[in-house]
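Next come the chains, spelled out residue by residue.
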Amino acid sequence: MSNDQKKFWHAGNILTAIILAGGLVLTFLRFYKGIGAVTNLDDNNPWGLWIGFDLMCGVALAAGGYVTSASCYLFGMKHYHSAVRPAITTAFLGYFFVVVALLYDLGHPWRLPYPLVYSQGTTSLLFEVGLCVSLYVSVLFIEWSPAALEWLGMRKLRNLVIKLTLPLTIMGVVLSTMHQSSLGALFLIAPGKLHPLWYSSFMPVFFFISSMVAGTSMVIFEGTLAHKGLHHMMDDTHLKEAHGVAFGFAKAASFILAGYFFIKLFDITMDNDWKYLATGYGVIFLIEMFGFVLLPSFLYAIGVREKNLKIVRIASIFGVLGIVVNRFNVSMIAFNWQLPASERYFPSLMEIGISIFVVTLIITAYRFITTRMPVLFEHPEYKDAH
Amino acid sequence: MHRRKFLSLLGGAGIASTLGTTKAKAASHAAFDGYPDAMGVLHDSSRCIGCRKCEEGCNTVNNFPKPEKKFDDLSVLDTKRRTNATAHTVVNKYNVAGLDHPIFRKQQCNHCMEPACASACFVKAFTKNPDGSVTYNGDVCVGCRYCMIACPFSVPTFEYEDPLDPLVQKCTMCHPLIKEGKLPGCVQACPKEALTFGKRSDLIEIARERIRKHPDRYVKKIYGEKEAGGTNWLYLAPVKHTELGQPVVGKKAAPELTAGALGAVPMVVGIWPVLLTGAYAISKRKEKIAAEDQKAAVAQAVSETQSAAEDKLKAAMEKAAKDKEASIARETKKAVANAEKEFEEKLAALQNPESEEVEESSKPEGDA
């Protein structure tokens, strides 16, 4: 027993415990003293890190769920099958904790269901986001549940849920298309506040397409991490298919990123925003476009051509960071660009702390699930088709 | 189907038909020119002396806590301020190059004819009233602050310090007072008639008249006439409005900005399942064809192998039969040869009886 405890308290778990304890303290402060006591938000900057990172990036990076399940079940790419469960698991956890994180940011968190059940503001794009995200969390929960049901040995229910795979996958793609794009559409209403290099009537399209990059990159990136820490939980099929998944998704991401680069180019041309490129914001924009769109696109392409997993993995880091950079730019850095520097927003340490807390919760839950439930391996009693 | 109705159905709600109940005209292709009898206020900064009486009037009407520095302390004008949860209007001082005196401009909610806040709110907490005011219902507010993101004039404020019931706060154009037939607090308090309350359509006439009569005193623009689809507060100024910190706001009302994206929703809901089911069917069909092809190939291979084997067997049988025949013939031949030999030997023995030994030694040969 004491041996087991020693094993349990290794460096990773100690760090996790410290972060979780700190997060609980911050949670108490937030709900006891109010949003103003822990954040740098103000009347000019109503949305900060909790929306820019926890919501905007969280939702985009959880896109691996719909990308992977659609590839496998709808487009018949059966060789991605072993990647579906890890991706669905991550997506479900990602969305679930997006909702959890949102509770910190809302003035009246207990009224979160209001737009759905009490007073529908259907003219709002946020209504669409809220509706889709709440439905999609439910869809993801059902899509993910067979892993838990197999673990719990509830065969009948599990078989019933498996039968729903196809309609759930289609629903997942529909809902993802809508809310991924709507997150971009949220900013359509503020043309005066968002810098012209980022403001575009095509923001919904940009957000949707970049979510596919986020999804594919995240599946590769997460696979890399999982292979480091959870190799022992993977079965032969998963290990055999993992490289194929990485290269397949890398190829897709390379094309999508290249396409994304060109539609952004068209957009700048259509709005004639070239003049802004010579400004400070132009530099930020160019860094985003070349460092986090074109570079990962090339790296992915080279990695696939050379069959070099290392390059693909490095590309996936740029892909993931690129989404973060883009969502930060739209929601925080290029937003309120006309305000004087003294009135601009920078997150407080406590805000950052809560975000780290939420990410740690996701990782902890992922580790709990993958070390127990058949996610990275096939349950021996359910070999048929999962 | 109407998009809003569609969305509310999507919500699984059907609880409230949103049609007709929302005062703020939101995403709709039909142009909304505002309520015809809507009231408004005209602020003439050429008349404003920066006395802050309007701020005080607002403070009294709304029962806000008194500020640290009294309202007659004009030193606060030296720093730029914005509205907040307990000050729904503030006056700022602007020193404009080329003018020997400062210009003052009052800011508060502009009460858009098609308010961005109302359009953005996902619980319909904002209402555009027929009297022109935009009011807020804190009982349904979730506190998401999207209204603050959406407002082109950065007006709504939030009670960040309140942990239990933080609300969005902004000027209501003194909606309750207007209902009683009274003037808004700020207008009532203004000693210089820098604020004029009246029907918006009349105010535009008044403003045009002032510009026409005193072209030297005003720039030829009524700020708020077209901005954000038109606002119920209007502004006259002796200098460009941007010099007074008023943002450049396009003519499009909020609903026009988002109508396209909202309109795409039902199309995604309608088209995507069709396309995706199609994709699924194609991939299934591909699999089926591949499976059939494989089956056919296997069958062919099997049949080829089989026929080859049959041929071989036949050939082997034929060969065997031939071999048999041949061996029979050979044996017969041999037997005949042996018989002949024997006969010849016997004949020879008969002819030459002394050679019996030869016959003995040849016997094993005959057996072999």
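Note on numbering: residues in each chain are counted from 1, in written sequence order. Written order determines the labels here, with chains lettered from A and ligands numbered from 1. It should be noted that, the model being predicted, local features are given only for residues of pLDDT at least 70 and side-chain atom pairs only at 80 or more, the latter also being counted only at that level, while totals for whole chains, interfaces and linings use all residues. To obtain the side-chain values, all non-hydrogen atoms of the structure were included, while hydrogens and water were left out.

Per an unreviewed UniProt entry, chain B is named Fe-S-cluster-containing dehydrogenase component, and its organism is Halodesulfovibrio aestuarii. In its Subcellular location (unreviewed entry) section, UniProt records this for chain B: "Cell envelope". UniProt positions are given in the numbering used here, feature names are shortened, and annotations may be inferred rather than shown by experiment.

As named in an unreviewed UniProt entry, chain A is Ni/Fe-hydrogenase 2 integral membrane subunit HybB, taken from Halodesulfovibrio aestuarii. Checking UniProt for chain A, the heading Subcellular location (unreviewed entry) contains the comment "Cell membrane". Recorded under Sequence similarities (unreviewed entry), the UniProt text for chain A is reproduced unchanged: "Belongs to the NrfD family."

A.B. asks: Could you give me a rundown of the overall build of chain B, with the residues and numbers involved?
C.D. replies: Under the scheme used here, helices are H or I runs from DSSP no shorter than 4 residues and strands are E runs no shorter than 2 residues, and both carry numbers assigned from the N terminus. Scanning chain B from terminus to terminus reveals nine helices and nine strands. Relative accessible area decides the class of each residue, using a 1.4 Å probe on protein chains only: under 20% of the type maximum gives buried, over 50% gives exposed, and in between gives partly exposed. In chain B, which comprises 368 residues, the share counted as buried stands at 41%. With residues, only the protein chains shown are counted as cover, and all accessible areas are computed by Shrake-Rupley using a 1.4 Å probe. Accessible surface for chain B amounts to roughly 20600 Å². Of this, 57% is attributable to carbon and sulfur atoms.

A.B. asks: Before we move on, could you go through the overall build of chain A and cite the residues and values that matter?
C.D. replies: When its secondary structure is counted, chain A shows 15 helices and zero strands. With the principal axes as the frame, chain A shows a C-alpha extent of 60 × 55 × 45 Å. When the 386 residues of chain A are sorted by exposure, 59% land in the buried category. Should any heavy atoms of two residues lie within 4.5 Å, those residues are considered in contact. Taking the intrachain contacts of chain A between residues at least 6 apart in sequence as the baseline, contacts between residues at least 24 apart amount to 80%. Total accessible area on chain A stands at roughly 15900 Å², and carbon and sulfur atoms take up 72% of it.

A.B. asks: Please set out the pattern of salt bridges residue by residue, giving values where relevant.
C.D. replies: All names here are of chain B. In the sections that follow, a salt bridge refers to a side-chain nitrogen of Lys or Arg positioned within 4 Å of a carboxyl oxygen of Asp or Glu. Counted according to the given criterion, the structure contains 19 salt bridges over all chains. Arg210 is paired through a salt bridge with Asp44; the nearest N and O atoms lie 2.8 Å apart. You can see Arg210 sitting in helix H7 (residues 200–213) and its partner Asp44 sitting in strand S1 (residues 39–44), a full 166 residues away along the chain. Like Asp44, Arg210 is buried. We note a salt bridge from Glu205 to Arg208, for which the minimum N-O separation is 3.9 Å. Linking Glu205 with Arg208, this pair stays in helix H7, spanning three residues, or about one helical turn.

A.B. asks: For the interface of chain B and chain A, give the residues involved together with the corresponding values.
C.D. replies: Listed as interface residues are 64 residues of chain B and, on the opposing side, 60 residues of chain A. Summed over both sides, the interface of chain B with chain A buries roughly 5200 Å², with 64% coming from carbon and sulfur. The buried area of a pairing is the accessible area, by a 1.4 Å probe, that goes missing from both parts when the two are put together, added over both. If you sort the residues of chain B by the area they bury against chain A, Phe122, Ile149 and Tyr160 of chain B come out on top, with a joint share of 15%. In this structure, Glu287 of chain B and Lys78 of chain A form a salt bridge, with 3.1 Å as the shortest nitrogen-oxygen distance. Each polar contact in these results corresponds to two N or O atoms within 3.5 Å; when the atoms are within protein, one needs to be able to donate a hydrogen and the other to accept it, and residues that are neighboring in sequence are counted only if both atoms are side-chain atoms. Scanning the region where chain B abuts chain A turns up 30 residue pairs in polar contact (both at pLDDT 80 or more). Going through the elements one at a time, helix H1 (3–10), helix H3 (116–120), helix H4 (146–150), strand S6 (157–158) and helix H8 (254–351) of chain B are the ones with two or more residues in the side of chain B that touches chain A. If you tally residues by element for the side of chain B that touches chain A, the top one is H8 of chain B, at 16 residues. Only Asp, Glu, Lys and Arg are considered charged in this grouping, and only Ala, Val, Leu, Ile, Met, Phe, Trp, Tyr, Cys and Pro are considered nonpolar; every other residue, Gly among them, is considered polar. Its residues assigned to classes, the side of chain B that touches chain A comprises 41 nonpolar, 13 polar and 10 charged.

A.B. asks: If you had to explain the UniProt feature "transmembrane region" (unreviewed entry) in chain B to someone new, which residues and values would you point to?
C.D. replies: UniProt annotation of "transmembrane region" (unreviewed entry) refers to residues 261–282 of chain B when read in the numbering used here. The distance separating the terminal C-alpha atoms of residues 261–282 of chain B is 30 Å; by composition the span is 100% helix and 0% strand.

A.B. asks: So what's going on with the nonpolar core? Residues and values would help.
C.D. replies: Membership of the largest hydrophobic core comes to 143 residues, with the highest contact counts inside it found for Leu186, Phe187 and Leu194 of chain A together with Phe126 and Tyr146 of chain B. Looking at this core, the element that brings in the most residues is helix H8 (residues 125–152) of chain A, giving 14 residues. To define a nonpolar core, start from buried Ala, Val, Leu, Ile, Met, Phe, Trp, Tyr and Cys residues and group those joined through side-chain atoms within 4.5 Å.

A.B. asks: Got a sec to walk through the environment of Ala60 of chain A? Specific residues and values, please.
C.D. replies: Residue and element names in this part refer to chain A. Looking at where Ala60 falls in the secondary structure, it is placed in helix H4 (residues 49–61). Through-space distance from the C-alpha of Ala60 to that of Val133 is 12 Å; in sequence the pair is 73 residues apart. Those residues in contact with Ala60 that sit more than four places away from it in its chain are Gln180, Ser211, Ala214, Gly215, Ile323 and Arg327.

A.B. asks: Hey, could you go over helix H2 (residues 11–33) of chain A for me, with residue numbers and the actual values?
C.D. replies: For H2 of chain A, which comprises 23 residues, the first-to-last C-alpha distance of 33 Å matches the rise-based estimate of 33 Å (1.5 Å per residue) to within 8%. All of the buried residues along H2 of chain A are Asn13, Thr16, Gly23, Leu26, Thr27 and Arg30 of chain A. The span expected for a helix works out to 1.5 Å for each residue beyond the first.

A.B. asks: Summarise the side chain of Gln120 of chain A; cite the residues concerned and give the values.
C.D. replies: Residue and element names in this part refer to chain A. Considering the arrangement of structural elements, one finds Gln120 in the loop between helix H7 (114–117) and H8. According to the relative accessible area criterion, Gln120 is buried, its value standing at 1%. Among the polar contacts made by the side chain of Gln120, one reaches the main-chain carbonyl oxygen of Leu116 at a distance of 3.1 Å.

A.B. asks: Describe the pairing of strand S8 (residues 195–199) of chain B, with residues and values.
C.D. replies: Residue and element names in this part refer to chain B. Burial runs high along S8: four of the five residues are buried. DSSP calls a pair of strands paired once it identifies at least 2 bridges connecting them. In the sheet, S1 pairs with S8 via five bridges, with the strands oriented antiparallel. Within S8, the residue paired with Gly40 across the bridge is Gly198.

A.B. asks: Give a description of helix H2 (residues 53–61) of chain B that names residues and reports values.
C.D. replies: The α-helix winds at 3.6 residues per turn, so residues separated by three or four positions along the chain end up facing the same way. Residue and element names in this part refer to chain B. Those residues of H2 lying buried are Cys54, Glu55, Gly57, Cys58 and Asn59. Buried residues along H2 sit against strand S2 (90–94), strand S3 (103–107), helix H6 (185–189) and S8. Just downstream of H2 lies Asn63, where phi reads positive at about 55°.

A.B. asks: Quick rundown of unusual backbone geometry? Include the residues and the values.
C.D. replies: All names here are of chain B. Unlike most non-glycine residues, Ser154 shows phi in positive territory, near 50°. By the secondary structure assignment, Ser154 is in the loop between H4 and S6. Judged by relative accessible area, Ser154 falls into the partly exposed class, the value being 26%. A positive phi is found at Ala228, a non-glycine position, where the angle reads about 50°. Looking at the secondary structure, you find Ala228 in the loop between H7 and strand S9 (233–236).

A.B. asks: Any details on the packing of aromatic side chains? Residues and values, ideally.
C.D. replies: Residue and element names in this part refer to chain A. Note on ring pairs: Phe, Tyr and Trp rings are taken, using the six-membered ring of Trp, and paired if centres are within 6.5 Å. Classes follow the plane angle, with under 30 degrees stacked, over 60 edge-to-face and the rest tilted. Here the structure, examined in full by the defined rule, presents 26 aromatic pairs over all chains. Geometrically, the ring pair formed by Trp47 and Phe187 is edge-to-face, given 6.1 Å between the ring centres and 90° between the ring planes. Note that Trp47 is positioned in the loop between helix H3 (35–38) and H4 and Phe187 in the loop between helix H10 (165–185) and helix H11 (203–229), a separation of 140 residues in sequence. For the pair shown, Trp47 and Phe187 are each scored as buried. Consider the rings of Phe292 and Phe318, whose centres lie 6.0 Å apart with planes at 40°: the pair is tilted. Separated by 26 residues along the polypeptide, Phe292 in helix H13 (residues 280–305) and Phe318 in helix H14 (residues 309–333) bring together distant segments of the chain. Relative accessible area serves as the criterion here: at 26%, Phe318 is assigned to the partly exposed category. Among the aromatic residues, those joined into a cluster by ring pairs are Phe92, Phe96, Phe97, Phe141 and Trp144. In this structure, Arg30 packs its charged tip against the face of Phe31, placed 4.4 Å from the ring centre. Throughout this description, the term charge over a ring refers to an Arg CZ or Lys NZ atom that lies within 6 Å of the ring centre and within 35 degrees of the ring normal.

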